[in-house]
Amino acid sequence: MARPKTRPTESSVTEFLNGIGDKQKRADCKVIAQMMREATGKRPKMWGASMVGYGSYRYRYASGRDGEWFECGFSPRAQNITVYIMPGFRASEPLLKKLGKHKTGKSCLYIKRLDDVDQTILSRLIADSVDTVRRKYGSR
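Numbers given to residues run from 1 along each chain, matching the order in which its sequence is written. Only residues with pLDDT of at least 70 get local features here, since the model is predicted, and only at 80 or more are side-chain atom pairs given and counted; chain-wide, interface and lining totals rely on the full set of residues. Excluded from the side-chain calculation are hydrogens and water; included are all heavy atoms of the structure.

(A) Here's a closer look at the overall build of the protein chain. A tally of regular secondary structure across the protein chain gives four helices and eight strands. Here a strand is any run of E in DSSP of at least two residues, a helix any run of H or I of at least four, and the numbering for each starts at the N terminus. Counting helices and strands in the order they occur from the N terminus, the protein chain gives α-α-β-β-β-β-β-β-α-β-β-α. The globule rule used here is 2.2 Å times the number of residues to the 0.38 power, and the radius of gyration it is set against is calculated over C-alpha atoms. Relative to its length of 140 residues, the protein chain is compact, with a C-alpha radius of gyration of 15 Å against a globular reference of 14 Å. Seen through its C-alpha atoms, the protein chain measures out along the principal axes to roughly 40 × 35 × 25 Å. Of all 140 residues assigned to the protein chain, the portion counted as buried reaches 40%. Throughout, exposure labels follow a simple rule: accessible area from a 1.4 Å probe, protein chains only, divided by the maximum for the residue type, with under 20% read as buried, over 50% as exposed, and the rest as partly exposed.

(B) Spatial organisation of the environment of M51. Locating M51 in the fold gives a position in strand β2 (residues 51–54). Look at M51 and you get buried, because its relative accessible area is 10%. Sequence separation between M51 and F16 is 35 residues, and the spatial gap between their C-alpha atoms is 9.4 Å.

(C) Quick peek at the pairing of strand β6 (residues 81–85). A large share of β6 lies buried, amounting to five of its five residues. Burial along β6 is two-sided: I81, V83 and I85 facing one way and T82 and Y84 facing the other are all buried. Pairing analysis gives five bridges linking strand β5 (residues 72–76) to β6, with the strands arranged antiparallel. From the neighbouring strand, C72 faces β6, where its bridge partner is I85. Whether two strands pair depends on DSSP finding at least two bridges between them. As judged from the four bridges shared by β6 and strand β8 (residues 108–111), these two strands associate in the antiparallel manner. Bridge pairing links I81 to I111 in β8.

(D) Helix α4 (residues 119–137), seen in detail. The span expected for a helix works out to 1.5 Å for each residue beyond the first. Its 19 residues give α4 an end-to-end C-alpha distance of 27 Å, which sits within 8% of 27 Å, the value for a rise of 1.5 Å per residue. Every buried residue of α4 is listed here: I121, L122, L125, I126, S129, V130 and V133. In this analysis, two residues are considered to be in contact whenever any of their non-hydrogen atoms come within 4.5 Å of each other. Against the buried residues of α4 lie α2 (23–40), β3 (57–60), β5, β6, α3 (93–99) and β8. The opening residue of α4 is D118, an N-cap whose side-chain oxygen sits 2.9 Å from the backbone nitrogen of T120. One or two positions beyond α4, positive phi appears at G138, with a value near 85°. In protein, a polar contact means a hydrogen-donor-capable atom and an acceptor-capable atom, both N or O and within 3.5 Å, with residues adjacent in sequence counting only if both atoms are side-chain atoms; elsewhere, any N or O pair within 3.5 Å suffices.

In structure tokens:
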């Protein structure tokens, strides 16, 4: 079975964050990084070339496929900052309604800038996500 392309690396998270060209996005990502550090109690790692992840867990699908992924993470993409909320958003609807300007994918929360959202709600979404992942999979 093929290994996933996105795995933890030894690249420097600090260098990556400091290398974000847009000053506002860089500052926003540093705040999100602190939220995730507080939610997990873990130090960040680079996952692939552009994702910052905190903690990790092992998963196994019914098909037998398994792997490792981060408990929460983010990536400063060109259009948005992508915040990875691993359990998805079904249980988070009430919080999402209070969050502010955002879009969602299956487990991706897209925000342009932190000024567009309520940071207390964002922090809660991250913490709730980590709690859900740990209850289901444990933590490494």
